[in-house]
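Fold and contact review
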Amino acid sequence: MKTNINGIFIIIANSVGAGLFGIPITCCLMGFFPSIVTMLLIALYMNVTAKLIIKINFTYNSNDIINISRHVLNK
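Points about a nonpolar patch on the surface
The grouping of Val37, Leu41, Leu44, Val48 and Leu52 at the surface amounts to a nonpolar patch, some 460 Å² of accessible area in total. Topologically, leucine 41 is positioned in helix 2 (residues 32-60). For leucine 41, a relative accessible area of 52% puts it in the exposed group.

Points about helix 2
Taking 1.5 Å of rise per residue, the 29 residues of helix 2 would be expected to cover 42 Å, and the 43 Å separating its terminal C-alpha atoms lies within 8% of that figure. Backbone geometry just downstream of helix 2 places asparagine 61 in the positive-phi region, at approximately 50°.

Description of the packing of helix 2 against helix 3 (residues 65-73)
Closest axis-to-axis distance for the helix 2/helix 3 pair is 10 Å, and the angle between their directions is 70°. By the angle between their axes, helix 2 is roughly perpendicular relative to helix 3. At the point where helix 2 passes helix 3, the crossing takes the left-handed sense. Contacts between helix 2 and helix 3 involve Ile53, Ile56, Asn57 and Tyr60 from the former and Ile65, Ile68, His71 and Val72 from the latter.

Considering the confidence of the model for the protein chain
Summing up the model confidence of the protein chain, the mean pLDDT is 76 and the portion of residues at 70 or higher is 80%. Ranking the elements of the protein chain by mean pLDDT puts helix 1 (residues 2-27) last with 68 and helix 2 first with 83.

Concerning the packing of aromatic side chains
With the rule as written, the count across this model stands at one aromatic pair. When the ring of phenylalanine 32 is compared with that of phenylalanine 33, the centres are 5.1 Å apart and the planes differ by 80°; the resulting orientation is edge-to-face. Residue phenylalanine 32 is classed as exposed on the basis of its relative accessible area of 56%.

Here is what the cut-offs are and how they apply
- Sequence order sets the numbering: in each chain, residues are counted from 1 along the sequence as written.
- Local features in this predicted model are restricted to residues of pLDDT 70 or higher, and side-chain atom pairs are both shown and tallied only at a pLDDT of 80 or more, whereas totals for entire chains, interfaces and linings draw on every residue.
- Hydrogen atoms and water are omitted, and side-chain values are computed over all heavy atoms in the structure.
- Residues qualify for a patch when their relative accessible area is over 30% and they have no salt bridge, like charges being joined within 9 Å and the nonpolar side chains of Val, Leu, Ile, Met, Phe, Trp and Tyr within 5 Å.
- Accessibility throughout is a Shrake-Rupley quantity obtained with a 1.4 Å probe, and a residue counts as covered only by protein chains that appear here.
- For this analysis, a salt bridge means a side-chain nitrogen from Lys or Arg found within 4 Å of a carboxyl oxygen belonging to Asp or Glu.
- The numbering of helices and of strands both runs from the N terminus, where a helix is a DSSP run of H or I of at least 4 residues and a strand a run of E of at least 2.
- Relative accessible area decides the class of each residue, using a 1.4 Å probe on protein chains only: under 20% of the type maximum gives buried, over 50% gives exposed, and in between gives partly exposed.
- One less than the number of residues in a helix, times 1.5 Å, gives the span that helix is expected to have.
- Axes here mean lines fitted to C-alpha atoms, for a helix over just the part in contact, with angles spanning 0 to 180 degrees between N-to-C directions.
- Convention used here: angles under 35 degrees read as roughly parallel, angles over 145 as roughly antiparallel, angles from 65 to 115 as roughly perpendicular, and any remaining angle as oblique.
- Each crossing is labelled by how the near helix is turned from the far one, with a counterclockwise turn of less than a right angle marking it left-handed and a clockwise turn marking it right-handed.
- The contact definition used throughout considers only heavy atoms, calling two residues in contact when any of these lie within 4.5 Å.
- A score from 0 to 100, pLDDT tells how confident the predictor is in each residue.
- Each Phe, Tyr or Trp ring, with Trp reduced to its six-membered ring, pairs with another whose centre is within 6.5 Å; inter-plane angles below 30 degrees give stacked pairs, above 60 give edge-to-face pairs, and intermediate values give tilted ones.

Here is the structure:
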């Protein structure tokens, strides 16, 4: 259970870091409305990716994504 919590915190930290610093600074050059559309698309992509990781984690009952990928790729 500890590795799940650590993985969740790593994903949250990366999302917050990109959301607070990188994406707004890059998008400010495009203008207001194009940057809003871009940020919404990025947020949707990150949401779908996180949901897929959680589904895969529950499907294979493993705490580690490396072990899940080994199980899937060894077929």
